[in-house]
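Coordinates in review
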Amino acid sequence: AAAVARGVAAACTTAGTALVALPTAEAPHAAWLVHLSPTALANWASFKLTVVVRGSRRAQLEETVRSARALGLLGDRVALHLQLSAEAEASALSWVLHDLDWPHGPVTYAKPLLEELVPAAAIADSWYPSSEHSFALLLEEGATLSPHAYGWLKYVVLRYRYAPAASLAAATRGLLGVALQPPPEGFV
């Protein structure tokens, strides 16, 4: 099986075709792939997501990370960034430093400097896209996600950010985000 997979990857590279390799268990949940254009599929591996969780209470941070850990990641590596507020519980920091389990990619954390000025600035203070293919899923502590949320986000970004139609691409070129819920008061 490994030899076949390497052969398929080599053939795709030679042909200049995108290879979308999905874990077998996640393939049934990716029927939406047929709705993506060849241009969008060519950017399958370009899409890089960081899950950013903001909070101060250990129990709620753990709940959100547990929910994010259960996402169907379609074989992708996904970074986790924890943004602890200035008044974060000592047990929350201890959990991040010693007990946090995130097998999907690198983990970083920060305590923002600008949080008191403007709540939205706290995100920019701790996470910034590393390229035009970098995206973030911003979560507040205590949030829970559907296991299919990652697939939906990847679909939206691939469908609209990498759209082949000139009019759609022009209309969505500045796509900055997709809201899964209304922003908290004072966040804007």
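Details of the structure are given in the entry above.
Note that the structure is a prediction, hence the values are computed from the model and not measured. (Residues numbered from 1 in each chain as written. Predicted model: local features only at pLDDT ≥ 70, side-chain atom pairs only at ≥ 80, totals over all residues. Heavy atoms only, no water.)

**A few points about the side chain of histidine 104**
Our working rule: Each helix is a run of DSSP H or I of at least 4 residues and each strand a run of E of at least 2, with the numbering of both proceeding from the N terminus. With a 1.4 Å probe rolled over the protein chains alone, any residue whose accessible area is under 20% of its type maximum counts as buried; one over 50% counts as exposed, and the rest are partly exposed. Polar contact criterion, stated in full: a pair of N or O atoms within 3.5 Å, where within protein one must be able to donate a hydrogen and the other to accept it, and residues adjacent in sequence count only if both atoms are side-chain atoms. Every residue pair with non-hydrogen atoms within 4.5 Å of one another is taken to be in contact.
Along the chain, histidine 104 turns up in the loop between helix H4 (90–99) and strand S3 (107–110). Overall, histidine 104 belongs to the buried group, its relative accessible area being 18%. A polar side-chain atom of histidine 104 sits 3.1 Å from the main-chain carbonyl oxygen of arginine 69. When residues no more than four places from it in sequence are discounted, the contact partners of histidine 104 are Arg69, Leu73, Arg77 and Val78.

**Quick look at the nonpolar core**
As a reminder, the rule being used: To qualify as a nonpolar core, a set must consist of buried Ala, Val, Leu, Ile, Met, Phe, Trp, Tyr and Cys residues joined through side-chain atoms within 4.5 Å.
Core analysis: the largest hydrophobic core is formed by 39 residues, its most contacted members being Trp32, Leu49, Val51, Leu80, Leu82 and Tyr150. Breaking this core down by element, the ones donating at least two residues are strand S1 (48–55), helix H3 (58–69), strand S2 (79–84), H4, strand S4 (134–140) and helix H6 (149–161).

**Regarding the sheet that holds S3**
To keep it simple, the criterion reads: Should DSSP find at least two bridges between two strands, the strands are regarded as paired. Between the N-to-C directions of two axes lies an angle of 0 to 180 degrees, each axis being a line fitted to C-alpha atoms and, for a helix, fitted only over the stretch in contact.
As summarised here, the arrangement of the four strands in space is S3-S2-S1-S4, forming an open sheet in which the pairing is parallel. Strands at the two margins of the open sheet, each flanked by one partner only, are S3 and S4. Strand-to-strand twist of the sheet, defined as the mean angle between neighbouring strand axes without regard to direction, takes the value 20°. Across six bridges, the pairing between S1 and S2 is parallel. What sits directly across from valine 51, in S2, is leucine 80.

**A few points about the pairing of S2**
For the record, the criterion: For crossovers, right-handed means that the path from the first strand over the helix to the second runs clockwise, given strands pointing away from the viewer.
In terms of burial, S2 is a largely internal element, six of the six residues being buried. Neither face of S2 is left uncovered, since the one carrying Ala79, His81 and Gln83 and the one carrying Leu80, Leu82 and Leu84 both have all their residues buried. In this view, the connection linking S1 to its parallel neighbour S2 by way of H3 has right-handed handedness. Of the pairings in the sheet, the one linking S2 to S3 comprises four bridges and is parallel in character. Paired with leucine 80 across the bridge in S3 is valine 107. One crossover worth recording links S2 to the parallel S3 by way of H4, and it is right-handed.

**Brief notes about the pattern of salt bridges**
This is how it is decided: Note on definitions: salt bridges are taken to be side-chain nitrogens of Lys or Arg within 4 Å of carboxyl oxygens of Asp or Glu.
Summed over the entire model, instances satisfying the criterion amount to six salt bridges. Between arginine 58 and glutamate 62 there is a salt bridge whose closest N-O contact spans 2.7 Å. Taken together, the positions of arginine 58 and glutamate 62, both in helix H3 and four residues apart, correspond to about one turn of that helix. Using a relative accessible area of 22% as the deciding quantity, one classes glutamate 62 as partly exposed. Residue arginine 58 is joined to aspartate 99 by a salt bridge in which the shortest nitrogen-to-oxygen separation is 3.9 Å. Here aspartate 99 lies in helix H4 and arginine 58 lies in helix H3, a separation of 41 residues in the sequence. Ionic contacts of the salt-bridge type, sharing partners, join the residues Arg58, Glu62 and Asp99 into one network.

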